[in-house]
Amino acid sequence: MVARLPGAAALACVVPRGMGPLPMMLLGSVSLVIGTLVTLPALLLPSTALLPVGTLVAGFGFGTAFFGGFRMLAHTAVHEKRAQLFSAVYVVCYLANSVPAIIAGLIIPRAGLRDAALGYVAVVTALALLSIPLGVSALRRTRAAAAPTATPPALVQTAGTRH
């Protein structure tokens, strides 16, 4: 069970590799929301059938969102500064994974494992939900900037015609 999330995340970096970074990140965010929402009833019921499925979907979402975001950063970084950027990204990622685990360790003795897990699922779902409209907006801006602009007919001059 412990290997499902990182295993699915690793596969998620290989399967959709033909996608652009921003659509990949959006796919990851949506998958992460779906995975956590499937995990939620698994924690509440408890369900041994839903938990592995939710974990796989959430792992795929996590891996895809991370890889899409990482690719976006890689494209924007100046070649000479990539090592510094990637180092900073990994420090933030390790903090993002370790700080919630430490907080959960402090909460579990008071609230219990189930309530701590429910809180964790709620926070992850909320953060993933927040990223979706931001990603959709960025995707629209990117597509609008890449779309060819039409020249208004009044400005088009026919060959051999002088005004």
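Parameters at a glance
- Sequence order sets the numbering: in each chain, residues are counted from 1 along the sequence as written.
- pLDDT decides what is reported in this predicted model: residues at 70 or higher carry local features, side-chain atom pairs at 80 or more are listed and counted, and totals for whole chains, interfaces and linings draw on all residues regardless.
- Heavy atoms throughout the structure, all of them, feed into the side-chain values; hydrogens and water do not.
- Put simply, a nonpolar core is a bunch of buried Ala, Val, Leu, Ile, Met, Phe, Trp, Tyr and Cys residues held in one set by side-chain atoms that sit within 4.5 Å of each other.
- Buried means the residue's accessible area, taken with a 1.4 Å probe over protein chains only, is under 20% of the maximum for its type, while exposed means over 50%, and partly exposed covers the values in between.
- Secondary structure elements are defined from DSSP: runs of H or I of at least 4 residues count as helices, runs of E of at least 2 residues count as strands, and each element is numbered from the N terminus.
- A contact between two residues is defined here by any heavy atoms of the two lying within 4.5 Å.
- By this rule, a helix spans an expected 1.5 Å times one less than how many residues it contains.
- Definitions used throughout: a 1 Å grid over protein atoms alone; a cavity as a set of points that fits a 1.4 Å probe which cannot get out; a pocket as an open set with protein on both sides within 12 Å along at least five of seven lines; a lining residue as one with an atom within 4 Å of a point.
- Grid points are joined across faces, edges and corners, and a volume is the space filled by probe spheres set on the points.
- Lys, Arg, Asp and Glu make up the charged group, whereas Ala, Val, Leu, Ile, Met, Phe, Trp, Tyr, Cys and Pro make up the nonpolar group; the residues left over, Gly among them, are polar.
- For this analysis, a polar contact is any N or O atom pair within 3.5 Å, provided that within protein one partner can donate a hydrogen and the other can accept it, and provided that sequence-adjacent residues contribute only side-chain to side-chain pairs.

(A) Spotlight on the nonpolar core. Judged by nonpolar contacts, Leu-32, Val-33, Ala-58, Val-124, Ala-128 and Ile-132 together constitute the single largest core of six residues. Counting only elements with at least two residues in this core, the list comes to helix H2 (21-44) and helix H5 (113-146). Ranked by residue count, the leading element in this core is H5, at three residues. With sequence-adjacent residues up to four places away left out, Ala-58 is seen in contact with Leu-5, Ser-31, Leu-32, Gly-35 and Thr-36.

(B) Inspection of H5 at higher detail. Over its 34 residues, H5 extends 48 Å from the first C-alpha to the last, a length consistent with the 50 Å expected when each residue adds 1.5 Å. Within the span of H5, buried status applies to Ala-116, Leu-118, Val-121, Val-124, Thr-125, Ala-128, Ile-132, Gly-135, Ala-138 and Leu-139. Packed against the buried residues of H5 are H2 and helix H4 (82-111).

(C) Representation of the layout of surface pockets. Taken as a whole, the largest pocket holds about 1,800 Å³ of empty space. Lining the largest pocket are 45 residues, and of these Leu-32, Phe-62, Asn-97, Tyr-120 and Val-124 lie nearest its centre. Contributions of two or more residues to the lining of the largest pocket are made by helix H1 (4-12), H2, helix H3 (50-76), H4 and H5. Looking at the lining of the largest pocket residue by residue, the class counts come to 36 nonpolar, nine polar and no charged.

(D) How the structure looks around the side chain of Thr-55. In this structure, Thr-55 sits in helix H3. Exposure remark for Thr-55: the relative accessible area of 12% places this residue in the buried category. Separated by 2.7 Å, the side chain of Thr-55 and the backbone oxygen of Leu-51 make a polar contact.

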